[in-house]
Amino acid sequence: MNKELRRVSAVILAMFLTLFISSSVIQVIAVNSLQGDGRNVRVLYDSFSTERGPILVDGVPIAESQPVDDAYSYLRVYANGPLYAPVTGYLTLNQGNTGIEDAMNEELSGTSDAQFIDQVNALISGQNPKGASVELTIDPVVQQAAWDALGDNTGAIVAIDPKTGKILAMVSKESYDPNVLASHESTATVIENYQALLANPNKPLINRAIAGDLYHPGSIFKIVMTAAALSGGDYTPESEFPNPGQLQLTGTETFISNAEGGSCGGGATASIATALRLSCNIPFAQLGEAMGEDRIRDMAERFGFGKKVSIPMTATASIYPSGMDSAQLQLSSFGQFDDKVTPLQMAMVSAAIANGGVLMQPTLIESVTAPDLRVIQSSQPSVFSTPVSGDVAATMVQMLVNGVSNGAASNARISGVDVAGKTGTAENGEGEPYTLWFTGFAPANDPRVAIAVVVENGGGRGQNAFGNLVAAPMAKKVLEAVLSR
Amino acid sequence: MTAPTSATKKAVGAPIEAGPVSTFTSGFRIRLRAPSRMRNVELVLLLIACALNGSAILLVQLGALGAVDWSLATLGIGLSVLVFAMHIALRIVATEADPFILPIATLLNGLGIAMIYRLDLADGSEGWAMASVRQIAWTAIALALAIAVIVVLKNHRVLFRFRLTFALVGIVLLVMPVFFRPVNGANIWVQLGPFSFQPGELGKLALAIFFAGYLVTARDSLSMIGRKVLGLTFPRARDLGPILVVFAASMAVLVFQKDLGTALLYFGLFLVMLYVATGRASWVVLGLALFLGGAFAASRVLSYVGGRINSWLDAFSTTNYEADGGSYQLVQGIFGLANGGLIGQGLGQGRPYVTPLAESDYIFASLGEELGLVGVFAILALYLLFVSRGFRIGFAGQDDFGRLLAVGLAFVVGLQVFIVIGGVTRVIPLTGLTTPFLAAGGSSLVANWIIVALLLRLSDTVRGQPRTVIE
């Protein structure tokens, strides 16, 4: 019997050895992939016991985690939710995050590399590390002014400091209250709230400043056109173009006209400067045909078109189309056809002109501070690109100032300040309301703010309103708010 | 049987005998007077085990509640008193019993109670609704029964005489749940008022005794007499028949009741005891082939078997994870173990309650989450040591029935541990078996403590009349 017993002992030993190995595989070897599995709720629950860092505007929390007595330990509370919603985004328990909550998630939850020492300390002491706090570049006064300026319209306003790229205001309307998505009520309730927001025809969840369906820029694209023309060395602001009241698009039976009807300021010819000041379509159509799409696209891309800009959320890339025939090229030259932009992109265009041709990287992050008040990240302005030379920029500044003081963007005038700017009134389709624009900067001699305002739905007036009527006054209010600081 | 030599007597600290004396009286005297080293070792180990159990409960309270709650102290002390009562009983009626078995069982049982208590704290249950209170009650009953067995059963050969009775009892126990309602899809429970117990657990005990008894008598005829078919010697029907009938009947009942885990356990027990008794490896191979064939056929014909195997093979796929009766429990248990990592989350500080049935089927994963791989290795080592002490009786014993019975009982514990933990760690598909001593379940505790008592009795008999020097 002993021989058989020895063999059976070996079997038992082998069985237990298998168990030692299988446990080791699960608890040591495969740990990372198992902990990273999305269905692993333990990891999720562990994350809840960390006090998430606050998001601050001017030192005041606009999103912070307050302790509550439930399984999730902390409730994310958004002060003035709808005002800052496009910036903060929302934080849910298990349905994903957006905005800064998503883009700065590692810093806010205390798991960024910079907080590695904190994590080690936490491991030893058995406590979870606290998240870092994220201070934004947003100026609360300017943000509120932009919110008030938009009123009941849907649209967006973006204001940037041209010298540093810091975003002073980012408002998108119609907005929503992130508190309903951060709530600790059942997942079903949160999903219900989300579905309700999705179903809202005004699409409150979309941050129109950087995403969504984008907009036809209309006449504000003429800034890019002018930059492309002046940078080539073959055009000057005085370069002349034939000045008819109507132009037949090359190869088609379609006619285009200037916004006011009639020719561009009278005269047999119109200069680029005049066309920009009075926002005439026909000279720009001719300019576009002459330059060709590649040159225009090249300049557009220098301004950031076609690039996903990280602020740190990723802004949708603005589009200048390619492969166009002559008629489409002509239409695209005054911001129609398939040109699509975000307000952020157009603010960047203005910011570049304002800053002597140097476009700074736009950013929302002022600084990131660890719980022990150690600054782990602070805003370092960096250059995004240099789309135009200093000379071209200076020339364009003057042209844009003329556009406000004596041109189509007159409603943006502020007494005692040189405001530079361009309005736009983009067509959207047969019978569709226009998209109304203003983009510019102030003061022209030493710019403190570059702005882009977009108003959807014709400002509620269908095809009866235009950029100068609706968007320019809004921009003026925001510019005044900045200048008053 | 050789007479005990004076050399071994001296080793036990006996007084030096002047001359030849009657073996009976001298043995008797020694038993009363010699301080037994075995029992002293056991006492120290028991104190350590009880201290560990106490600190486990304290840590659970500190980890889960953040404060110490002495309300459980009376129950804990009561259990410790019972354990020491068993120790004293051993000092009186089984002085040479193995010193490791009782402390190991105590420690495992105590760890199980601590973890079940931890899960109760997460649940927020109170009083008799707490699974840990019920587990403590069942432990007390099991300990009392174990003490009774070891006191009443002076010689294991009594069991041999009643082997056929045990066969009948085993079958009856297996069949009983058929007349009661199925729970969780398996027909293995008997509900008596608020108490439910699994007769299958006690059944394995009865059948082990029957198998050991029968195989001892028939081993010669089984291994030597028979007809050669295809190179294998098959015994005569009258030799193999009875045992095969009992075995086949139990298999049929188990499969009918969808209790595949216990079926696997019995099958393994039968095969191993047959092999140890007859020494014929070819039958083991045949048996394994039959098992695999049967399992394959079952996976095709019986949907839940196929489902279990599918969930085991492809546990992390979304379909299996979300299916009813799919791999959700398996995957959550594995997540729990991974969350434990090397050193564990700490008692009371993990989230074992996320896994369904964390206090019974998945008690091991719960302990693995809070004690880590280090704790898992310790628990596995304790089980391995327990099984090896049983096998020692098999090696050193001199009557075949005792040896076979000890091996059978020890193997069944080891195999059960392998089946359960193998299922939890995805070595084999999950079954419904319980982890001996750890899991919440009265019948399992009673059966396993009776196994403890039997092994202690067997080890005492073996040591009392040594054929080989064991130290």
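The structure this text deals with has already been given above.
The structure reproduced in this document is the subject of the present report.

What counts and how
Residues numbered from 1 in each chain as written. Chains lettered and ligands numbered in written order. Predicted model: local features only at pLDDT ≥ 70, side-chain atom pairs only at ≥ 80, totals over all residues. Heavy atoms only, no water. Helix = DSSP H or I, 4+ residues; strand = E, 2+ residues; numbered from the N terminus. Contact = heavy atoms within 4.5 Å. Areas by Shrake-Rupley, 256 points an atom, 1.4 Å probe, with all protein chains shown as cover. Buried < 20%, exposed > 50% of the residue type's maximum accessible area, 1.4 Å probe, protein only. Disulfide = S-S within 2.5 Å. Pairing = 2+ DSSP bridges. Axes fitted to C-alpha atoms, helices over the stretch in contact; angles between N-to-C directions. Expected span 1.5 Å × (residues − 1). Bend = angle between axes of the 7 residues up to and from the residue. Phe/Tyr/Trp six-rings, centres within 6.5 Å; stacked < 30°, edge-to-face > 60°. Lys NZ or Arg CZ within 6 Å of the ring centre and 35° of its normal. Buried area = accessible area lost by both parts, 1.4 Å probe. Salt bridge = Lys/Arg side-chain N within 4 Å of Asp/Glu carboxyl O. Polar contact = N/O pair within 3.5 Å; in protein donor to acceptor, adjacent residues only side chain to side chain. Core = buried A, V, L, I, M, F, W, Y, C linked by side-chain atoms within 4.5 Å. Parallel < 35°, antiparallel > 145°, perpendicular 65-115°, else oblique. Nonpolar A, V, L, I, M, F, W, Y, C, P; charged D, E, K, R; others polar.

So, the overall build of chain B
Okay, step 1: A tally of regular secondary structure across chain B gives 18 helices and 4 strands.
Okay, step 2: Counted over contacts in chain B with a minimum sequence separation of 6, partners at least 24 positions apart contribute 73%.
Okay, step 3: Taken as a whole, chain B presents about 20,000 Å² of accessible surface, with 68% of it coming from carbon and sulfur.

Looking at the overall build of chain A
Okay, step 1: Check the secondary structure of chain A and you find 18 helices and 19 strands.
Okay, step 2: Burial status across chain A gives 53% buried among its 485 residues.
Okay, step 3: A separation of at least 24 residues holds for 69% of the contacts in chain A among residues at least 6 apart in sequence.

A look at the state of the cysteines
Residues and elements named next belong to chain A.
Okay, step 1: Under the defined criterion, the tally for this structure stands at 1 disulfide over all chains.
Okay, step 2: With its sulfur 1.8 Å from that of its partner, Cys264 forms a disulfide with Cys280. Every disulfide takes its handedness from the sign of the S-S torsion; for Cys264 and Cys280 that torsion is 75°, giving right-handed. Separated by 16 residues along the polypeptide, Cys264 in the loop between strand 9 (255-257) and strand 10 (269-271) and Cys280 in the loop between helix 12 (272-278) and helix 13 (281-291) bring together distant segments of the chain.
Okay, step 3: Take Cys280: its relative accessible area is 4%, and that puts it in the buried class.

Details of the sheet that holds strand 18 (residues 435-442) of chain A
Residues and elements named next belong to chain A.
Okay, step 1: In spatial order, the strands read 6-5-19-18-17; together these 5 strands make up an open sheet with antiparallel pairing. This sheet does not close on itself; its edge strands, each paired only once, are strand 6 (167-173) and strand 17 (420-426). Pairs of neighbouring strands in the sheet enclose a mean axial angle of 5°, with direction left out of account.
Okay, step 2: Bridge count between strand 5 (residues 155-160) and strand 19 (residues 449-455): 6 bridges; the pairing is antiparallel.

Overview of helix 16 (residues 363-396) of chain B
An α-helix turns once every 3.6 residues. As a result, residues three or four positions apart point the same way.
Residue and element names in this part refer to chain B.
Okay, step 1: Counted at 1.5 Å a residue, the expected span for helix 16 with its 34 residues is 50 Å, but the 34 Å between its end C-alpha atoms falls short.
Okay, step 2: Along helix 16, the sharpest kink reaches roughly 125°, centred on Gly372.
Okay, step 3: For helix 16, the buried fraction is high: 24 of the 34 residues fall into the buried class.

With respect to the packing of aromatic side chains
In this description, a pair of aromatic rings is defined by centroid distance and the angle of the planes.
Okay, step 1: Under the defined criterion, the tally for this structure stands at 16 aromatic pairs over all chains.
Okay, step 2: Relative to Phe335 of chain B, the ring of Phe316 of chain B lies with its centre 6.1 Å away and its plane at 55°, an arrangement referred to as tilted. Residue Phe316 of chain B is located in the loop between helix 13 (303-313) and helix 14 (318-322), and its partner Phe335 of chain B is located in helix 15 (residues 328-340); the two are separated by 19 residues in the primary sequence.
Okay, step 3: Taken together, the ring pairs in this structure connect Phe210, Phe211, Tyr214 and Phe270 of chain B into an aromatic cluster.
Okay, step 4: The side chain of Lys173 of chain A reaches across the aromatic face of Trp147 of chain A, ending 4.2 Å from its centre.
Okay, step 5: Here the guanidinium or amino end of Arg163 of chain B rests over the ring plane of Phe160 of chain B, the centre of that ring lying 4.5 Å away.

Brief notes about the sheet that holds strand 4 (residues 133-136) of chain A
All names here are of chain A.
Okay, step 1: Overall, mixed pairing links the 6 strands, which are arranged 3-2-1-4-14-15 in an open sheet. Sheet topology places strand 3 (74-78) and strand 15 (375-378) at the edges, where each strand pairs with a single neighbour. Recorded for the sheet is a direction-independent mean angle of 25° between the axes of neighbouring strands.
Okay, step 2: Both strand 1 (residues 55-57) and strand 2 (residues 60-67) contribute to a ladder of 3 bridges, which runs antiparallel. Residue Val57 lies in a different strand from strand 2, and its bridge partner there is Val60.

Here's the deal with the interface of chain A and chain B
Okay, step 1: Counting residues at the interface gives 31 residues for chain A, matched by 51 residues for chain B.
Okay, step 2: When chain A packs against chain B, close to 3,800 Å² is buried across both sides, 71% of that on carbon and sulfur atoms.
Okay, step 3: Counting every contact that joins chain A to chain B gives 1 salt bridge.
Okay, step 4: A salt bridge links Glu369 of chain B to Arg42 of chain A; its shortest N-O distance comes to 3.1 Å.
Okay, step 5: Taken together, the links from chain A to chain B amount to 10 residue pairs in polar contact (both at pLDDT 80 or more).
Okay, step 6: Looking at the side of chain A that touches chain B, the elements that each hand over two or more residues are helix 1 (2-29), helix 2 (31-36) and helix 3 (41-48) of chain A.
Okay, step 7: The dominant element in the side of chain A that touches chain B, judged by the number of residues it contributes, is helix 1 of chain A, at 20 residues.

Comments concerning the pattern of salt bridges
Residues and elements named next belong to chain A.
Okay, step 1: Counted according to the given criterion, the structure contains 19 salt bridges over all chains.
Okay, step 2: Lys130 is the salt-bridge partner of Glu51, the closest N and O atoms lying 3.7 Å from each other. In this pair, Glu51 is assigned in the loop between helix 3 and strand 1 and Lys130 in the loop between helix 7 (116-125) and strand 4, connecting sequence segments 79 residues apart.
Okay, step 3: A relative accessible area of 43% means that Lys130 is categorised as partly exposed.
Okay, step 4: A cluster of three or more residues bridged by salt bridges with shared partners is formed by Arg52, Arg76 and Glu101.

Some thoughts on the environment of Ile191 of chain A
Okay, step 1: Within the secondary structure layout, Ile191 of chain A lies in helix 10 (residues 187-199).
Okay, step 2: C-alpha of Ile191 of chain A to C-alpha of Leu181 of chain A: the two residues are 10 residues apart in sequence and 8.0 Å apart in space.

What about the pairing of strand 17 of chain A?
Residue and element names in this part refer to chain A.
Okay, step 1: Strand 17 sits mainly inside the fold: 6 of its 7 residues count as buried.
Okay, step 2: Across 7 bridges, the pairing between strand 17 and strand 18 is antiparallel. Counterpart to Ala426 in the pairing with strand 18 is Thr435.

Re the nonpolar core
Okay, step 1: Phe211, Leu215, Leu404, Trp449 and Val452 of chain B are the most contacted members of the largest nonpolar core, which has 145 residues in total.
Okay, step 2: With residues up to four places along the chain from it excluded, the contact list for Leu404 of chain B reads Met1 of chain A together with Ala212, Leu215, Val216, Met273, Val276 and Ala277 of chain B.
Okay, step 3: Counting 86 residues, the second-largest nonpolar core is a separate cluster that includes Tyr215, Cys280, Ala300 and Met348 of chain A.

Here we look at the environment of Pro201 of chain A
Okay, step 1: Relative to the assigned elements, Pro201 of chain A resides in the loop between helix 10 and helix 11 (222-231).
Okay, step 2: In sequence terms Pro201 of chain A and Glu174 of chain A are 27 residues apart; their C-alpha atoms lie 9.9 Å from each other.

Regarding the packing of helix 3 of chain A against helix 15 of chain B
Okay, step 1: Where helix 3 of chain A contacts helix 15 of chain B, the two axes come as close as 9 Å, and the packing angle between them is 50°. With respect to their mutual orientation, helix 3 of chain A and helix 15 of chain B come out oblique. Residue-level contacts link Val41, Arg42 and Asp46 of chain A of helix 3 of chain A to Gln332, Phe335, Gly336 and Asn339 of chain B of helix 15 of chain B.
Okay, step 2: Of the residues in the contact of helix 3 of chain A with helix 15 of chain B, the class split is 2 nonpolar, 3 polar and 2 charged.

Everything listed is a geometric property; what it means functionally is a separate question.
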